[in-house]
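Descriptive analysis of the structure
In case you want the letters, here they are:
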Amino acid sequence: MSDINDTHDPGLRSWVASANEEGTDFPIQNLPHGVFRRTGSAEPWRGGVAIGDQVLDVGALHAAGAFSRFGPIAEQAAALASADELNGLMAAGPAAWKALRTALSALLREGQPAQPDALVSQADAEYRVPARVGDFTDFYTSVHHATNIGRLFRPDAPLMPNFKWLPVAYHGRASSIGISGQTFHRPRGQTLPAGATAPTFGACQRLDYELELGIWIGQGNAPGEPIPIAEADDHVFGLCLLNDWSARDIQAWEYQPLGPFLAKNFATTISPWIVTLQALAPYRVAWTRPDGDPAPLPYLDCAHNRTHGAFDVRIECWLESQSMRDGGSGPSRLSSSSFRHSYWSVAQMVTHHAVGGCNLQPGDLLGTGTQSGPTPGEAAALIELSVGGQQPVALDNGETRTFLADGDTVIFKGWCEKPRFARIGFGEARGTVLPAR
Ligand code: MN
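All of these numbers come straight from a predicted model, not from anything done at the bench.

1. Looking at the overall build of the chain
A tally of helices and strands in the chain yields ten helices and 26 strands. When its C-alpha atoms are laid out on the principal axes, the chain stretches across 70 × 55 × 40 Å. In the chain, which comprises 437 residues, the share counted as buried stands at 55%. Of the accessible surface of the chain, which amounts to about 17,400 Å², a share of 53% is contributed by carbon and sulfur atoms. Treating the 33 positive side-chain charges of the chain as one cloud and the 45 negative ones as another, the clouds have centres 2 Å apart.

As structure tokens, then:
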């Protein structure tokens, strides 16, 4: 279902004028799904699609009968896409997603009747986590991140022997996933001061972000029924931006032998829009391994994964401090990279997750792991940029950071661009650190 079709035509224009502007994240070729209402209102939460600087209220168009001419599959999908959580749309599967995308693309094209009553300005909208997340799993798929951070935690053996054989992950916490704009208090917990033999309890001193993508599971699998890798993409509804906030000092003390716990369960911030796998079809690239690295075991290998397994999603991290806000200066860019460098693909993560019999469910969320690229400027967490806190990172306004300060807002951006295709974007995932309670 990853085929490129006329909905990706870069020449398409919309009757929503802002969707035709250069640099918009949401041209008519994108059509990402989210859940919104007017900010501060008592309106019901409902499904929407981002178009230019507007949100298309899918339910308003559906109620007006706009989807009926596209057939029952598209009409049913439109009803699911207007719900207050998108689990039903995710469960409907790729044929429904494709029918809905075709209908939305047709309805929003220039020359079709404008539907201003079905639009809400994004400036007036607020969002929530767009689906009920039953389970959250966070992977660890960047070999560059794993090597950089492994060197800090275990200088003698930075890369664990399993890394190149399976996509490493831990089961995370769904309840503390928040939407862009999330604020949270700096966590408190146990840490072991350098040289000490007993831990102390207090506020985290080494608070960090992790620049990741989120993978929204679409249709699930029955318990005990694996997902063959050639079918894995049919189980993925789309991608978003994801910040796996991390308390490095808590992590260092608690992580052995069972992995992260309180270091990562206090907050996870995602972007409101889910960019569908269908929208991302033009930006897929070959998934490759460096010469000499092991080939994946057969259950993690297929022809489509080799030729189209990776996604060239450009990702950036920005930091806006309290003094930048006070002084009116803009945020400072910390790093940029691409998801194409991931050592493991989306399909491999999905297939590996289910291969032992685990059932994935619509609305499950997978984090890709921190997506650090091959060069130092592509490091996707402060612990790497500051080399474990030893080399302060300079910000544009003269401040420095080794780890996050109270009042810091971390902003992730993502987009895809490619010659002969439209540029599509993910919007933002932003979150702000409040002082410890
Ligand atoms: Mn992570």
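Read on, since the account is not over.
2. Overview of the packing of aromatic side chains
Per the stated rule, a full pass over the model turns up eleven aromatic pairs. Ring geometry for Phe163 versus Tyr343: centroids 5.5 Å apart, planes at 50 degrees, classification tilted. Of the two residues, Phe163 sits in the loop between helix H5 (143–153) and strand E7 (169–171) while Tyr343 sits in the loop between strand E21 (332–338) and helix H9 (346–354), which places them 180 residues apart along the sequence. The pair Phe163 / Tyr343 is uniform in exposure class, with both members buried.

3. Side note on the pattern of salt bridges
Within the structure shown, the criterion is met by 25 salt bridges. Here Arg314 makes a salt bridge to Glu417, at a shortest N to O gap of 3.7 Å. Residue Arg314 is found in strand E20 (residues 314–320), and its partner Glu417 is found in the loop between strand E25 (409–416) and strand E26 (424–434); the two are separated by 103 residues along the sequence. Arg314 gets classed as partly exposed once you look at its relative accessible area, which sits at 27%. Here the salt bridges share partners, and the residues they tie into one network are Asp208, Glu210, Asp244, Arg248 and Lys264.

4. Describing the coordination of the manganese ion
Surrounding the manganese ion are the protein donor atoms Asp138 (OD), Glu210 (OE), Glu212 (OE) and Asp244 (OD), which sit 2.1 to 2.2 Å from the metal. Mapped onto the polypeptide sequence, the residues donating to the manganese ion form the spacing pattern D-x71-E-x1-E-x31-D. A residue is classified by how much of its surface remains accessible, and Glu210, at 4% relative accessible area, is buried.

5. Concerning the sheet that holds strand E4 (residues 119–121)
Judged by pairing direction, the sheet is antiparallel, and its five strands sit side by side in the order E4-E3-E2-E1-E5 without closing on themselves. Looking at strand neighbours, the two that pair on one side only are E4 and strand E5 (125–128), the edges of this open sheet. Looking at each pair of strands side by side, their axes are set apart by 50 degrees on average, direction ignored. Note: strand E2 (residues 46–51) against strand E3 (residues 54–57), four bridges, orientation antiparallel. Each bridged residue has a counterpart across the sheet, and for Ala50 the counterpart in E3 is Val55.

6. Considerations on the side chain of Asp138
Checked against the element boundaries, Asp138 lands in strand E6 (residues 136–139). Those residues in contact with Asp138 that lie beyond four places of it in its chain are Val168, Ala169, Tyr170, Glu210, Glu212, Asp244, Gly367, Thr368 and Gly369.

7. Here we look at H9
Spacing of three or four residues puts side chains on the same side of an α-helix, whose turn is 3.6 residues. For H9, the buried fraction is high: nine of the nine residues fall into the buried class. Those residues of H9 not exposed but buried are Val346, Ala347, Gln348, Met349, Val350, Thr351, His352, His353 and Ala354.

8. What to know about the confidence of the model for the chain
With 100% of its residues at a pLDDT of at least 70, the chain reaches an overall mean of 97. The lowest-confidence element of the chain is H5, averaging 91 in pLDDT; the highest-confidence one is strand E16 (residues 268–270), averaging 99.

About the cut-offs
Residues numbered from 1 in each chain as written. Predicted model: local features only at pLDDT ≥ 70, side-chain atom pairs only at ≥ 80, totals over all residues. Heavy atoms only, no water. Helix = DSSP H or I, 4+ residues; strand = E, 2+ residues; numbered from the N terminus. Buried < 20%, exposed > 50% of the residue type's maximum accessible area, 1.4 Å probe, protein only. Areas by Shrake-Rupley, 256 points an atom, 1.4 Å probe, with all protein chains shown as cover. Lys, Arg positive; Asp, Glu negative; His and termini not counted. Charge placed at Lys NZ, Arg CZ, Asp CG, Glu CD. Phe/Tyr/Trp six-rings, centres within 6.5 Å; stacked < 30°, edge-to-face > 60°. Salt bridge = Lys/Arg side-chain N within 4 Å of Asp/Glu carboxyl O. Donors = N, O, S within 2.8 Å, 3.2 Å for Na, K, Ca; no water. Pairing = 2+ DSSP bridges. Axes fitted to C-alpha atoms, helices over the stretch in contact; angles between N-to-C directions. Contact = heavy atoms within 4.5 Å. pLDDT = per-residue confidence, 0-100.

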